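# Structural overview for review
What follows is each chain in one-letter form.
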There are 2 protein chains.
Amino acid sequence: MAKALPKRSENYSEWYNEIVKRADLAENSAVRGCMVIKPYGFAIWEKMQRALDDMFKATGHQNAYFPLFVPKSFLEKEEEHAEGFAKECAVVTHYRLKTDGKGGLMVDPNAKLDEELIIRPTSETVIWNAYKGWIQSWRDLPLLINQWCNIVRWEMRTRIFLRTAEFLWQEGHTAHATEQEAVEETERMLGVYADFVENWMALPVIQGVKTPGERFAGAVETYCIEGLMQDGKALQCGTSHFLGQNFSKSFDVQFVNKENQLEYPWATSWGVSTRLMGALIMGHSDDNGLVLPPKLAPFQVVIVPIHKSPEDLAKISEKVDPIINELKAAGVSVKYDDNDNQRSGWKFAEYELRGVPIRLGLGMRDLEAGTVEVARRDTLSKESRPIDGIVDHIKILLGEIQQNIYNKAMAFREANTFPVDTWDGFKEQIEKGGFILAHWDGTAETEEKIKNETKATIRCIPLNSIEESGTCVYSGKESAKRVLFARAY
Amino acid sequence: MAKALPKRSENYSEWYNEIVKRADLAENSAVRGCMVIKPYGFAIWEKMQRALDDMFKATGHQNAYFPLFVPKSFLEKEEEHAEGFAKECAVVTHYRLKTDGKGGLMVDPNAKLDEELIIRPTSETVIWNAYKGWIQSWRDLPLLINQWCNIVRWEMRTRIFLRTAEFLWQEGHTAHATEQEAVEETERMLGVYADFVENWMALPVIQGVKTPGERFAGAVETYCIEGLMQDGKALQCGTSHFLGQNFSKSFDVQFVNKENQLEYPWATSWGVSTRLMGALIMGHSDDNGLVLPPKLAPFQVVIVPIHKSPEDLAKISEKVDPIINELKAAGVSVKYDDNDNQRSGWKFAEYELRGVPIRLGLGMRDLEAGTVEVARRDTLSKESRPIDGIVDHIKILLGEIQQNIYNKAMAFREANTFPVDTWDGFKEQIEKGGFILAHWDGTAETEEKIKNETKATIRCIPLNSIEESGTCVYSGKESAKRVLFARAY
């Protein structure tokens, strides 16, 4: 047997790394901070992409593709945006290599670009430059575009899935005739993200807006969804930005409105990334490995035969084949692992590690008794069930597991969300972890001081939270509502 | 009315550019040689991706994702590969910008990378470096991986879709225990490509192998599919490479075989790109615009109401609604264009330009008569049909159109494929265009001379062509079979 996983309670960080590695999700590449997403990990990401893409299209968006390269001059056009991204840019300066005369290659000094190109850290500038040609009249609005692509931000401290130099994401970029429409779009897409993370990833999130200090560089307002990981740290799962007219003005995009006047359109942008893979892993997994919600599992059911001879295997397979066909017909993805190179015990451990929601075990005694062993990954429980009707049972069970994983994460969050009213209480609780709901005086100064003293940041000002007057947990000044604090990834 | 398209026969190149622009497929971006793929063009590419991805998965492949960056030292490891790609590489040399003190940004000289990173021009090196950790035993083989991603090759002369500095593609990278298995895989994927291009894109292709001079840099054998465009030039639509043990040796990847001996695995790689969009446009379109095979059309049917008042429109819509529902239920994608900002005549021209396979027109007289006007994009023919049974008619018609577009392209190719036996005949025919089947003596010298004198290249040595002895069209030396010549994109 392989070595047991590190325990969450003992070394959370190592536990996370080992799950990523042993469930075969991803690995670090030879290039600093860049990851390789392995087939099993990528299959989960593909399921996420498909679900999100369907949701984007159902809300009227179309996909397009814009260049990888951002001319340096584009980045300079929106000042805050430039400041926010300049420090972590991969810069292309040359377009050719040549032989170095020593059997190797060197950059050809004669192939220097006139203007350096940045690998996109986000695409507002490139896209708004294109929109200049796309938007002339109110008839061209709203323009609702999404792009799936790779992104590079030269982060200094990287962590697989959570913060990598290159990552995959989608970025929506929309243009609207009125401020109100753009704000509605920003909120609509935040809602789509919350819907996806809660109903597909089975992870409850808090929806809110960022403080000015935590806003996207170039945004007027940044909305976000925040999840709570099992170590009590927060993870930002997605953001949706109301960009006002910042980019339409920087790129001089105007449209003729119905009154025949020139106006600058109002913009939004919104994105989620492969970071969600990190949230999925840290939100649900246990000391036995990955736990996947059925809706995102590359295969939802694995069937493992338990046999001693090829003849036994043939008998089991004969019983299993129609079950597989029935499951597939019902839209359930299933893998039959009759590979003879591995023992069934090894397989049980392997599929547990990989988070397969349901495992069916079938041996000769089961055949005689007309039963099958059904093991649930989420509860680690097993029971013997009649083979007759097993497909209906599985269909119901998959829904139950999806719901149970969500309920468990929700119960964890509820047990780890703390209203705190004193500074001593705040400092004590932040060391223990969890979400803290506390009053804040609304100033950047206080936000900064709290961050410096405790490493806690304001994750968001929750939407629809109850107005409740109180006093700032740090400064004692007046406050109208509680905000959400946590240490975060 | 908008200006008519340039005619194919008068200015093929301008005709192509105008279709790309006016059918709203793509446009050049501000970055030299990089394109923006617009929503309508991208919707076609998405359909291509989905079909190909399903075919790859049906042949046992899994998707994964590898880094964008290739360390310079990786490229150096396989000599021919390095030579082939060094001259067109975008090179990242720095990882940070800083303010230049004049309100702009500059490259931060303190953020120079120790080793330059190349934006992937193809991923053999990055992937085989990863495979070193993935392949230990014969049990790990075959390893069948595919990646969808962006690629950068700094081409000097670019042409939208056909040759761009950045393009989108998929690249398959497989590893096998034996040479024979790898060759079989190379040929299997060539077959998948031919199947896709013929049965989805409706474009007949010649399957063959490249001469040594036209091989992929680092391959032992390059297979390809070649299509004939309407101007008589060839377009390479996809390649599948047998890489031998070149990359496993360069990256020192070995596996323990069943006899417990260390061996180098055998490799393949294969790819198709957004270049296929160029083939699709140039293969079928006419002087009225784009012609799309139904299987790849973003919407297969457009319904245009012809009305003078809102009341008329309401009556038409009432009749159309159940047809739309029936079409959707039958898996037919349909758009109902009841937008009142444009006249029906403008819409007719627009959907013709965009290549929508079937257009239904419905006016008040049709309502009374219980008919609908059915217009086919491929033949430009129209007929009045009873509304009753229209959905069944459309389902059959879509299949007919798909087949007819293929037949037309096949007839064109047959009419433009010429066996040529004399050098004068060769020079004469190559000016007229088309595929030339001619004898070649098998030497690189002759291939080079023919290319220099006529700009014709050997597109491929066709698979399964009849052995037929003859004499080389250029040198007069002996030859065992004809090869395929053409001028090419």
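Residues numbered from 1 in each chain as written. Chains lettered and ligands numbered in written order. Predicted model: local features only at pLDDT ≥ 70, side-chain atom pairs only at ≥ 80, totals over all residues.

### Overview of the domain arrangement of chain A
Residues and elements named next belong to chain A. Assigned domains of chain A: these are domain 1 (12-284), domain 2 (295-412) and domain 3 (417-486). Inter-centroid distance (C-alpha atoms) of domain 1 to domain 3 is 29 Å. The interface is formed by 16 residues belonging to domain 1 together with 15 residues belonging to domain 3. Contributing elements (two or more residues each) for the side of domain 1 that touches domain 3: β11 (206-209) and β12 (221-228). Tallying contributions element by element places β11 first for the side of domain 1 that touches domain 3, with 4 residues. The class makeup of the residues in the side of domain 1 that touches domain 3 is 6 nonpolar, 5 polar and 5 charged. (Domains from an automatic or database assignment. Contact = placed C-beta atoms within 7 Å. Helix = DSSP H or I, 4+ residues; strand = E, 2+ residues; numbered from the N terminus. Nonpolar A, V, L, I, M, F, W, Y, C, P; charged D, E, K, R; others polar.)

### Thoughts on the sheet that holds strand β24 (residues 457-462) of chain B
All names here are of chain B. On the basis of which strands lie adjacent, the open sheet formed by 11 strands has the order β3-β9-β10-β16-β13-β12-β11-β24-β27-β23-β22 and mixed pairing. The open sheet has two edge strands with one neighbour each: β3 (62-63) and β22 (417-419). Of the strand pairs in this sheet, β22 and strand β23 (residues 435-439) are connected by 3 bridges, and their pairing is parallel. Considered in β23, the bridge of phenylalanine 418 is made with isoleucine 436. Contacts from helix α5 (residues 124-134) reach β9 (143-152), β10 (166-176) and β16 (266-273) within the one sheet, and its direction differs from that of β10 by about 35°. Against the sheet, helix α6 (residues 179-199) engages β10, β11 (206-209), β12 (221-228), β13 (234-244) and β16, with an angle of about 165° to β13. (Pairing = 2+ DSSP bridges. Axes fitted to C-alpha atoms, helices over the stretch in contact; angles between N-to-C directions.)

### Remarks on the relation of the copies chain B and chain A
Once turned by 180° and shifted 0.0 Å along the axis, chain B lies on chain A with an RMSD of 0.0 Å. One copy is carried onto the other by what is essentially a two-fold rotation axis. Proximity to the rotation axis, assessed at the C-alpha, singles out B:Val92 in chain B; its C-alpha lies 2.1 Å from the axis. A shared binding surface is used by both copies, with 100% of the interface residues of chain B retained as interface residues in chain A. (Least-squares fit on C-alpha atoms with pLDDT ≥ 70 in both.)

### Observations regarding the sheet that holds strand β9 (residues 143-152) of chain A
Residues and elements named next belong to chain A. The 11 strands are arranged β3-β9-β10-β16-β13-β12-β11-β24-β27-β23-β22 in an open sheet whose pairing can be described as mixed. In this open sheet, the two edge strands, each paired with only one partner strand, are β3 (62-63) and β22 (417-419). Where β11 meets strand β24 (residues 457-462), 2 bridges bridge the pair, whose relative direction is antiparallel. Its bridge partner being in β24, valine 209 is matched across the sheet by isoleucine 461.

### Some points on the pairing of β24(A)
Inspection of the sheet shows β24(A) paired to strand β27 (residues 482-486) of chain A by 3 bridges, in the antiparallel sense. In the strand pairing of β27(A), A:Ile458 is matched with A:Phe485.

### Here's the deal with unusual backbone geometry
Here A:Leu141 and A:Pro142 are connected by a cis peptide whose omega angle stands at -5°. Topologically, A:Pro142 is positioned in the loop between α5 (124-134) and β9. Located in the positive-phi region is B:Phe161, a residue other than glycine, with phi close to 70°. Unusually for a residue other than glycine, B:Asp252 sits at a positive phi of about 55°. Residue placement: B:Asp252 occurs in the loop between α7 (246-250) and β14 (255-256).

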